[in-house]
Amino acid sequence: MSDRMSVVGHRVLQADALEKVMGRAVFAADIGFPRMLIAQIVRSPIAHGKIRSIDTSRAERVKGVRAIVRGSDVPFRYNLPLRDQPFLAIDRVRYVGEPVVAIAAEDEDIAREAASLVSVDYEPLPFILDPEVARAPGAPLIHPEFESYWRDSKLFTSVPNSNILSHFKLRKGDVEAGFQDADEIFEGTYKSQAFNHGALEPHAAIAQLERSGQLTLWSSQQSPWFAADDLAIALGWPVHRVRVIAPYLGGGFGAKHGLKAEPPVVALAMKTDGRPVKLVLTREEVFTAAGVRGAVAVKMRTGVKRDGTMVAREAEVVWDTGAYADVGPLLCRNGSYSVTGPYRIPNQKIDGYCVYTNKVVTSAFRSYGIMEMSFAYESHMDEIARGLGIDPLDIRRRNLIEEGDETATGERLKAIGLKPTLEACAAGMGWDKPKKSGRGRAIVTTAKSSVAPSGSSSFIQMNDDGTLNVMCATTDMGQGAKTVMSQLAAEAVGARYEDMHLIASDTAVTPPDRSTSSSRSTFNMGNAIVRAGTDTRNQILMKAAELLEVPMEELEVRDSVVSVRGASNRFCTFKEIAGVRPGSPYGPIVGRGSFVPEGTTPFDLETGQGRKITGFWLYSSQGVELSVDTDTGKVTLHSIVSAHDTGRTLNPAACEGQVEGGVAIGCSAALMEELILGEDGAVLNASLEDYPMAASADLPPIKSILIEIPHPEGPYGAKGIGEGPTTGIAAAVANAVEDAIGVRIRDLPITPEKILRALGKLHDEVA
């Protein structure tokens, strides 16, 4: 599809390759300023309790301490959907690791010494670590003042006088009649574990409040405008008083979306008379206080005909959001409506509950709940296929949504790449050929929506030398955004790729953008940049027409040169066009563009129905082949095929990188990672030494397949791809394990211990 494109669709040099290879890329922790202070945080050692008193007198006497802040000094709450989280604990703590006191000092040693001298007197309260216990009637309330919090009641419904902060409902068709019509009914409960995002770079932030009242924040932040809006609302300020600058990120995966390390350091900056304050979380703090992928349990019941046609589904989904909401209500909504899977099921009843517990807060994670949901519905699908004696590929072919079908939420879909990815994945695996002896294999397919409604905007400015600055708030966190956004801008303008300079993620310079999340940047920001590029190109043509003394219609633009069509000796370069000349009516060239997906509508909170809930869908199919050592329980992955509908592949190398990274995360989540809590609610494995993660040596060969079903509204037809590769691997591994050795594991991660237990080879007392 790239035959007429100059830049889009090509494997161009990664825009930030040299900076990163040479070690010159700047991350938040690398930044320093004269007279900068260093922060330390005193954190809660208990899971739940009232703060009786805080004594900072000894810490105040340490030479070099410049500010000490407690929650009562900064009584602000944040989180855009539900403002329940304080900058620092105000009168009670709700999880081990919650920030209670913040200290700014001349250096790290002084700050650490002062922190060790702070004394906090707590009155312990009953704590709840199990969401099933937390949501039971009569359970002690973790937020007794919940009704006083501001919340966006258009997005979710809470349950009064309970720990259920959000109850999502989906009602479609007549589920009881559907079950009565079914020949067989299958049931199962599937559990996904909590784990850490595992970004190489820890969270870091520097805050400075100038005497003019301007707050500037340099932060390892995926979504600078989202963070600026949240801080401004919390502080009661206009957003222009909050400037957020996000340098390169060393991985985010959702953990750096929204405020994490920022509130305590902002609280300190309000007390340091203009001196900047820096906080870099330790690895232990990243594990215990910066957000995790939370645990989810899915109870599912499906009615089917004997030919495998699904006629009814009922599901209950329980999301553990930890001590504060963060994105929990939205995870509950988006994940719960996705538990139907990419299948035609006429009758559905889904209830999703987002529940407070006294644990570290759940934050967004790559795939936004779909890895957890697909583990449930794709494990369930294989159990149905096995129960009916139908090939796993065939049962999916019979039930997959096709062009014009309606989703569980009432949306009519178009440009669907489900079946093409499924068939390509099957072909890539050699599904029609006998598998090797001792091997198990599985194929799954998934669909994921993107956040909507949400907007993006961009400027493109021509410099005096004819190069172009592309200004957008999309943050490069290793996914290749800087490269792909530059490609889109170059293509739209008609410029050379090497003439593009991306200026990203500074809310004082880059126009508003909701977030770098939900695989939305290629689709949303990509469209905004294409529109800004088209505006820029038109301005270039107007100036060139004046210079060349021909009508605009006779001009063409390519490789940063405007030429008269059919007259190769009549042209002018972008550098010549950029100059400001006396008498010309044209000023500097600045293109602008914005994009919001058209026609997106909110949900009906009673039925979960909406005409269009997302700008586009990510369609993926993935296959795994593995073997299991039945003496040790060890799973060995032999090959993975991962097929994705890109709409249009803007940069094959970047897409392949996304696939390989996402598959690696999926393998690690399926087989290794889990956050372990002690009985007191403290994280027990809060270090990379104690927390297993998949490395390159643990991964098999990964075959990436990129399918192009163009989206009519996508930039040059493109859709997002970032989260798709993480979605199906856990389910595929579980299904392939059953295919190999005949045991079903419904509880992630799939460890050797669980396999041996399922095989009857591990005694309880040994386990």
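Use the structure listed above.
Attention in this report is confined to the structure presented alongside it. Keep in mind it's a predicted model, so treat the numbers as computed, not measured.

Some words on the overall build of the protein chain
Logical step 1: What the protein chain contains, in helices and strands, is 19 helices and 28 strands.
Logical step 2: For 767 residues, the compact-globule estimate of 2.2 N^0.38 gives 27 Å, and the protein chain sits close to it at 27 Å.
Logical step 3: With the principal axes as the frame, the protein chain shows a C-alpha extent of 85 × 75 × 50 Å.
Logical step 4: Restricting the contact set of the protein chain to residue pairs at least 6 apart, pairs at least 24 apart contribute 79%.
Logical step 5: Carbon and sulfur atoms make up 51% of the accessible area of the protein chain, which amounts to about 28,400 Å² in all.

As for the layout of surface pockets
By rolling a water-sized probe across the atoms, one finds the places where empty space is left.
Logical step 1: Empty space within the second largest pocket amounts to approximately 830 Å³.
Logical step 2: For the second largest pocket, the lining is made up of 33 residues, of which P131, S192, A295, K359 and E674 are closest to its centre.
Logical step 3: Breaking the lining of the second largest pocket down by element, the ones donating at least two residues are α4 (131-134), β10 (184-192), β15 (296-304) and β16 (310-322).
Logical step 4: Per-element accounting of the lining of the second largest pocket gives the leading share, five residues, to β16.

Observations concerning the packing of helix α10 (residues 370-388) against helix α11 (residues 392-399)
Logical step 1: Contact pair α10 / α11: the axes reach a minimum separation of 9 Å and the direction vectors enclose 110 degrees. Judged on the interaxial angle alone, α11 and α10 are roughly perpendicular. Of the residues in α11, those in contact with E378, M381, D382, I384 and A385 of α10 are P392, I395, R396 and N399.
Logical step 2: Grouping the constituent residues of the contact of α10 with α11 by class yields five nonpolar, one polar and three charged.

As for empty space enclosed by the protein
Logical step 1: The final tally for this structure, using the stated rule, is eight cavities of 30 Å³ or more.
Logical step 2: Computed from the structure, the largest cavity encloses a volume of approximately 190 Å³.
Logical step 3: Listed by contribution, the elements that provide at least two residues to the lining of the largest cavity are β1 (37-43), β5 (85-86) and α7 (262-269).
Logical step 4: Residue classes in the lining of the largest cavity are distributed as 16 nonpolar, two polar and four charged.

As for α10
Logical step 1: Its 19 residues give α10 an end-to-end C-alpha distance of 26 Å, which sits within 8% of 27 Å, the value for a rise of 1.5 Å per residue.
Logical step 2: The element α10 is largely enclosed, with a buried count of 17 among its 19 residues.

Quick notes on the sheet that holds strand β18 (residues 440-449)
Logical step 1: Pairing within the open sheet is mixed, and its four strands lie in the order β18-β26-β27-β28. Here the strands that pair on one side only, and so sit at the sheet edges, are β18 and β28 (702-707). Pairs of neighbouring strands in the sheet enclose a mean axial angle of 15 degrees, with direction left out of account.
Logical step 2: With 10 bridges joining them, β18 and strand β26 (residues 617-628) adopt antiparallel strand pairing. From the neighbouring strand, G440 faces β26, where its bridge partner is L626.

Observations regarding the sheet that holds strand β20 (residues 468-472)
Logical step 1: Spatially, β21-β20-β19-β25 is the arrangement adopted by the four strands of the open sheet, whose pairing is mixed. The open sheet has two edge strands, β21 (500-504) and β25 (590-595), and neither has a second partner. Going from strand to strand, the sheet's axes swing by 20 degrees on average, the running direction of each strand aside.
Logical step 2: The pairing of strand β19 (residues 456-462) with β25 spans six bridges and is antiparallel. What sits directly across from S457, in β25, is S594.
Logical step 3: On the sheet, helix α13 (residues 481-493) packs against β19, β20 and β21 and is oriented at approximately 130 degrees with respect to β21.
Logical step 4: Helix α14 (residues 521-548) contacts β19, β20 and β25 of the sheet and is inclined by roughly 150 degrees relative to β25.

Some words on the nonpolar core
Soluble, globular proteins show a tendency: their nonpolar side chains are buried together.
Logical step 1: Residues V624, L626 and V733 are the most contacted members of the largest nonpolar core, which totals 89 residues.
Logical step 2: Per-element accounting of this core gives the leading share, nine residues, to helix α18 (residues 729-741).
Logical step 3: When residues no more than four places from it in sequence are discounted, the contact partners of L626 are G438, R439, G440, V635, T636, L637, H638, V733, A736, V737 and A740.
Logical step 4: Judged by nonpolar contacts, the second largest core, of 47 residues, contains I460, L468, A495 and L618.

Examining the side chain of K359
Logical step 1: Among the structural elements, K359 can be located in the loop between β17 (347-356) and α10.
Logical step 2: Since its relative accessible area comes to 17%, K359 is described here as buried.
Logical step 3: A polar contact of 3.0 Å, which involves the side chain of K359, links it to the backbone oxygen of L129.
Logical step 4: Among the polar contacts made by the side chain of K359, one reaches the side chain of D320 at a distance of 2.6 Å.
Logical step 5: With residues near it in sequence (within four places) discarded, K359 still touches R94, Y95, L129, D320, G322, A323 and L677.

Notes on the packing of aromatic side chains
Logical step 1: Applying the stated criterion across every chain, the model contains 16 aromatic pairs.
Logical step 2: Ring geometry for F27 against Y248: centres 6.2 Å apart, planes inclined by 45 degrees, an arrangement best described as tilted. Here the residue F27 occupies a position in the loop between α1 (17-21) and β1, and Y248 occupies one in the loop between β13 (242-245) and α7, the gap between them amounting to 221 residues.
Logical step 3: The exposure class assigned to F27 is partly exposed, which follows from its relative accessible area of 22%.
Logical step 4: Taking the relative accessible area as the measure of exposure, Y248 reaches 9% and is therefore buried.
Logical step 5: Relative to Y691, the ring of F287 has its centre 5.0 Å away and its plane inclined at 70 degrees; by these criteria the two rings are edge-to-face.

Topic: the environment of A246
Logical step 1: In this fold, A246 is placed in the loop between β13 and α7.
Logical step 2: Once the C-alpha coordinates of A246 and A114 are considered, the two residues, 132 residues apart in sequence, prove to be 30 Å apart.

Considering the pattern of salt bridges
Logical step 1: One pass over the full model with this rule turns up 54 salt bridges.
Logical step 2: The residue R112 makes a salt bridge to E108 at a minimum N-O spacing of 2.5 Å. In this pair, R112 and E108 both sit in helix α3 (residues 108-116), four residues apart, roughly one turn of the helix.
Logical step 3: With a relative accessible area of 40%, E108 lands in the partly exposed category.

Digging into the pairing of β21
Logical step 1: By the bridge criterion, five bridges tie β20 to β21 in an arrangement that is parallel. Opposite L468, over in β21, you have M500 as the bridge partner.
Logical step 2: Since β20 and β21 lie parallel, the crossover through α13 that links them has a hand, and here it is right-handed.

Cut-offs applied
Residues numbered from 1 in each chain as written. Predicted model: local features only at pLDDT ≥ 70, side-chain atom pairs only at ≥ 80, totals over all residues. Heavy atoms only, no water. Helix = DSSP H or I, 4+ residues; strand = E, 2+ residues; numbered from the N terminus. Rg over C-alpha atoms; globule rule 2.2 N^0.38 Å. Contact = heavy atoms within 4.5 Å. Areas by Shrake-Rupley, 256 points an atom, 1.4 Å probe, with all protein chains shown as cover. 1 Å grid on protein atoms, 1.4 Å probe; cavity = no way out; pocket = protein on both sides within 12 Å on 5 of 7 lines; lining within 4 Å. Points joined across faces, edges and corners; volume = space filled by probe spheres on them. Axes fitted to C-alpha atoms, helices over the stretch in contact; angles between N-to-C directions. Parallel < 35°, antiparallel > 145°, perpendicular 65-115°, else oblique. Nonpolar A, V, L, I, M, F, W, Y, C, P; charged D, E, K, R; others polar. Expected span 1.5 Å × (residues − 1). Buried < 20%, exposed > 50% of the residue type's maximum accessible area, 1.4 Å probe, protein only. Pairing = 2+ DSSP bridges. Core = buried A, V, L, I, M, F, W, Y, C linked by side-chain atoms within 4.5 Å. Polar contact = N/O pair within 3.5 Å; in protein donor to acceptor, adjacent residues only side chain to side chain. Phe/Tyr/Trp six-rings, centres within 6.5 Å; stacked < 30°, edge-to-face > 60°. Salt bridge = Lys/Arg side-chain N within 4 Å of Asp/Glu carboxyl O. Right-handed = clockwise from strand over helix to strand, strands pointing away.

Interpretation in functional terms is not warranted from these geometric data alone.
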